[in-house]
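# Geometric and topological summary
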Amino acid sequence: MTTHTVHVGRVTRDLPVVPVAPGVSVALFNMLGDTEVTEEAGRELARLIPPDIDVLVTPEVKALGLAHVISRESGKPYIVIRKTQKPYMVNPVAREVVSITTGKPQLLVLDGFDVEKVRGHKVAIVDDVVSSGGTLNSLREIIEGVGGEVAAVLAVFTEGDERPEVTALGHLPLFT
Ligand SMILES: Nc1ncnc2[nH]cnc12
């Protein structure tokens, strides 16, 4: 299997290169269950957060542990944007996005219960990989749609195109 070696702070991983679409492969970065990478990335990114950020927003599920560590290190709270609408949600705000890794439309849902934590506040979006930017754009629409300001985007890796608006610890190539 082809692999692509990355460094996250002082931690090294050999990522498997896997096909996600005809003629397109990615170096698959899955930090779920990887305590060492999650802790290292969270501590590194927490040092890079602008001090005036009020709240972190992360999409479930791959970046959840990362948001937890950044929150713990920075003392800033975090909100999770869910992938399904739950019956207990109050006035949920939803957007659809097509994921590069699954190729399928996905829902992103902000529980109305969390709207007041976003409205009028400076938000940092936290994700594991920012690739096509589809998830990022939908998160931005949801946050700005309820009156929040996206003041920073934090990710472990950008992928494909350069993304100057994203504060990342590294960059992944797209294999085409
Ligand atoms: N290389 C990658 N690894 C994991 N998730 C991704 N989402 C987009 N690109 C990805």
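Provided above is the structure to which this section pertains.
The structure displayed is predicted, hence computed values, not measured ones.

Scoring rules and cut-offs
- Residues numbered from 1 in each chain as written.
- Predicted model: local features only at pLDDT ≥ 70, side-chain atom pairs only at ≥ 80, totals over all residues.
- Heavy atoms only, no water.
- Pairing = 2+ DSSP bridges.
- Helix = DSSP H or I, 4+ residues; strand = E, 2+ residues; numbered from the N terminus.
- Axes fitted to C-alpha atoms, helices over the stretch in contact; angles between N-to-C directions.
- Contact = heavy atoms within 4.5 Å.
- Polar contact = N/O pair within 3.5 Å; in protein donor to acceptor, adjacent residues only side chain to side chain.
- Salt bridge = Lys/Arg side-chain N within 4 Å of Asp/Glu carboxyl O.
- Buried < 20%, exposed > 50% of the residue type's maximum accessible area, 1.4 Å probe, protein only.

So, on to the sheet that holds strand S8 (residues 122-130). Strand order in the open sheet formed by five strands is S5-S4-S8-S9-S10, and the pairing between neighbours is parallel. Edge strands, defined here as strands with exactly one partner in the open sheet, are strand S5 (78-81) and strand S10 (166-172). The mean inter-strand angle of the sheet, taken between neighbouring strand axes irrespective of direction, is 20 degrees. In this sheet, S10 lies alongside strand S9 (residues 149-159) in parallel orientation, the contact comprising six bridges. Opposite threonine 158, over in S10, you have histidine 171 as the bridge partner. Most of the contacts of helix H4 (residues 134-145) go to S8, to which it runs at about 165 degrees, and overall it touches strand S4 (55-59), S5, S8, S9 and S10.

Along the chain, glycine 65 turns up in helix H2 (residues 64-74). Sequence spacing of glycine 65 and lysine 86 is 21 residues, and the spatial spacing of their C-alpha atoms is 21 Å.

This next bit is on the environment of histidine 7. Along the chain, the position of histidine 7 falls in strand S1 (residues 3-8). Distance from histidine 7 to histidine 171, taken between C-alpha atoms, is 10.0 Å for residues 164 residues apart in sequence. There is a polar contact of 3.0 Å between the side chain of histidine 7 and the side chain of threonine 12.

Quick look at the sheet that holds strand S11 (residues 174-175) now. Where strands meet in a sheet, backbone hydrogen bonds hold them as pairs that are either parallel or antiparallel. What the four strands build is an open sheet, ordered S1-S2-S3-S11; its pairing is antiparallel. A strand with exactly one partner marks an edge of an open sheet, and here the two such strands are S1 and S11. Across two bridges, the pairing between strand S3 (residues 24-27) and S11 is antiparallel. For serine 25, the partnering residue across the bridge sits in S11 and is phenylalanine 175. Helix H1 (residues 35-46) rests against S1 and strand S2 (11-21) of the sheet, and its axis sits at about 100 degrees to S2.

Bringing the pattern of salt bridges into the picture now. Within the structure shown, the criterion is met by 15 salt bridges. Note that aspartate 114 is salt-bridged to lysine 117, the shortest N-O span being 2.7 Å. Of the residues examined, aspartate 114 reaches a relative accessible area of 11% and is grouped as buried. On the accessibility criterion, lysine 117 (38% relative accessible area) is partly exposed. Measuring nitrogen to oxygen at the nearest pair gives 3.4 Å for the salt bridge that ties glutamate 165 to arginine 163. The class of arginine 163 is buried, set by a relative accessible area of 17%. Put simply, Arg10, Glu39, Glu40, Arg43, Arg72 and Glu73 are held in one network by salt bridges that share partners.

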